[in-house]
Amino acid sequence: MTGATFEEIAIVGIGLIGSSLARAAKETGAASKVSLYDRSEAVRDTASSLGLGDVSDSLAETCRSADCVLLCVPVGAIEETMRDIAPHLKPGAIMTDVGSVKESALNAMQAHCPAHVHLIPGHPIAGTEKSGPKAGFASLFRGAWHILTPIPQQDEAYNGAVDRLAAFWERLGARVEIMDAARHDRVLAITSHLPHLIAYNIVSTAYDMESVGEGEVVKYSAGGFRDFTRIAASDPTMWRDVFLNNKDAVLETLGRFSEDLAALQRAIRWGDGDMLMREFERARGIRKAIIEAGQDTDETNFGRNAPDKKD
Ligand SMILES: NC(=O)C1=CN([C@@H]2O[C@H](COP(=O)(O)OP(=O)(O)OC[C@H]3O[C@@H](n4cnc5c(N)ncnc54)[C@H](O)[C@@H]3O)[C@@H](O)[C@H]2O)C=CC1
Ligand SMILES: O=C(O)C(=O)Cc1ccc(O)cc1
């Protein structure tokens, strides 16, 4: 495609996602100008030295002439950041975010977003356990889903803005899906949020086992446990905010999970091998379906396509 989708984008929050966006927008030509802001001076300095775009120490300056502002901060910081950005947005601009929870993000942004701006929340289903500007990379969104949760029943100009934002993400290589915010939160509770909670919990249990020393856990950790430790290395602030902001859906999913886990516990106790076989075979089927749907290629597998950099 020739010509940028947006003349100028502003990225607020230059961590893993914000810096990946900056790199991808430049590499694909989706934006002619990339303006960046982070509240941390150290992060701004790193972003400048990495050449990610025009880094400013003024949030107002960063957002003033942007056609699209992308909020890439932890979910718990969305409301205050939106409040600070609001007076500086130009009429007709698109305001979006990348938060992992969508209903609370929508409410937080809607509370402050001016009427002359098109508010379209979004969430890239792509990431890694790393954080910070050095951890980002341009191919992160390639082949991954990007979910947009627009406000229903808006006018034609709004719908046009949704199409434009979708075109931007597609230019970065993402596949765009439109979804209701509450539904997004229920789906992600089981496919992303609960797996992270389980990972944090299994690592914590291993730490606390009196009968197995920490050294042995590190030394003999087999594939399964190692995979959990990767996920449990994710940013604590980000995940605290996810759980506090998707409380209802996570608690409901956790309830079902605990019941199913108790059933497996029972099957082990009573030697019910048939039940274990039934459950394990069904789980294998889901894995097969994910592979067949092309969701576990090198392009889309979380983290696997990340350059192995320390942050
Ligand atoms: N890490 C991941 O794998 C994914 C994260 N997300 C979402 O993306 C968002 C950002 O996550 P990451 O990039 O991983 O985090 P990160 O920790 O790498 O970066 C966040 C950045 O936001 C900055 N920040 C915090 N509060 C701010 C504020 N008030 N004003 C300006 N900057 C502020 C921090 O200084 C930091 O540089 C989160 O909402 C997260 O839920 C979405 C998909 C994947
Ligand atoms: O690293 C992993 O395994 C992930 O699950 C990445 C991830 C984290 C949070 C999101 O909202 C989306 C993707």
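Residues numbered from 1 in each chain as written. Chains lettered and ligands numbered in written order. Predicted model: local features only at pLDDT ≥ 70, side-chain atom pairs only at ≥ 80, totals over all residues. Heavy atoms only, no water.

Enquirer: Would you mind going over the site of ligand 1 with me for this structure?
Expert: Within the structure, ligand 1 sits among 27 residues, and Leu 16, Asp 38, Val 73, Ser 100 and Gly 132 are positioned closest to it. Asp 38 has a polar side-chain atom sitting 2.6 Å from an oxygen atom of ligand 1. Between ligand 1 and Gly 132, the relevant distance is 2.9 Å, taken from an oxygen atom to a main-chain nitrogen or oxygen of the residue. Coverage of ligand 1 by the protein chains reaches 90% of its 840 Å² of free accessible surface. Elements supplying a minimum of two residues to the shell around ligand 1: helix H1 (16-28), helix H4 (78-85) and strand E7 (122-124). When its residues are assigned to classes, the shell around ligand 1 shows 13 nonpolar, 11 polar and three charged. (Near = heavy atom within 4 Å. Polar contact = N/O pair within 3.5 Å; in protein donor to acceptor, adjacent residues only side chain to side chain. Areas by Shrake-Rupley, 256 points an atom, 1.4 Å probe, with all protein chains shown as cover. Helix = DSSP H or I, 4+ residues; strand = E, 2+ residues; numbered from the N terminus. Nonpolar A, V, L, I, M, F, W, Y, C, P; charged D, E, K, R; others polar.)

Enquirer: I would appreciate a short explanation of the site of ligand 2 in the present structure.
Expert: Ligand 2 sits among 11 residues. The nearest are Ser 100, His 123, Thr 128, His 196 and Arg 230. Residue His 123 places a side-chain N or O atom 2.6 Å away from an oxygen atom belonging to ligand 2. The side chain of Arg 230 places a nitrogen or oxygen atom 2.8 Å from an oxygen atom of ligand 2. Protein chains shield 93% of the accessible area of ligand 2, which is 340 Å² for the free molecule. If you count residues domain by domain, the shell around ligand 2 takes at least three from each of domain 1 (6-179) and domain 2 (183-271). (Domains from an automatic or database assignment.)

Enquirer: Would you explain helix H12 (residues 273-292) in this entry?
Expert: Residues three or four positions apart in an α-helix share a direction because the helix packs 3.6 residues into each turn. Its 20 residues give H12 an end-to-end C-alpha distance of 29 Å, which sits within 8% of 28 Å, the value for a rise of 1.5 Å per residue. Phi turns positive, to about 75°, at Gly 294, one or two residues after H12. (Expected span 1.5 Å × (residues − 1).)

Enquirer: Would you mind showing me how to read the state of the cysteines here?
Expert: As used in these notes, a disulfide is a covalent bond between sulfur atoms, one from each of two cysteines. The full count for this structure, using the stated rule, is zero disulfides. The structure places no disulfide on Cys 63, whose sulfur is separated from the nearest cysteine sulfur, that of Cys 68, by 11 Å. In this structure Cys 63 comes out as buried when scored by relative accessible area, which is 1%. The closest cysteine sulfur to the non-disulfide-bonded Cys 113 is located on Cys 63, 11 Å from its own sulfur. (Disulfide = S-S within 2.5 Å. Buried < 20%, exposed > 50% of the residue type's maximum accessible area, 1.4 Å probe, protein only.)

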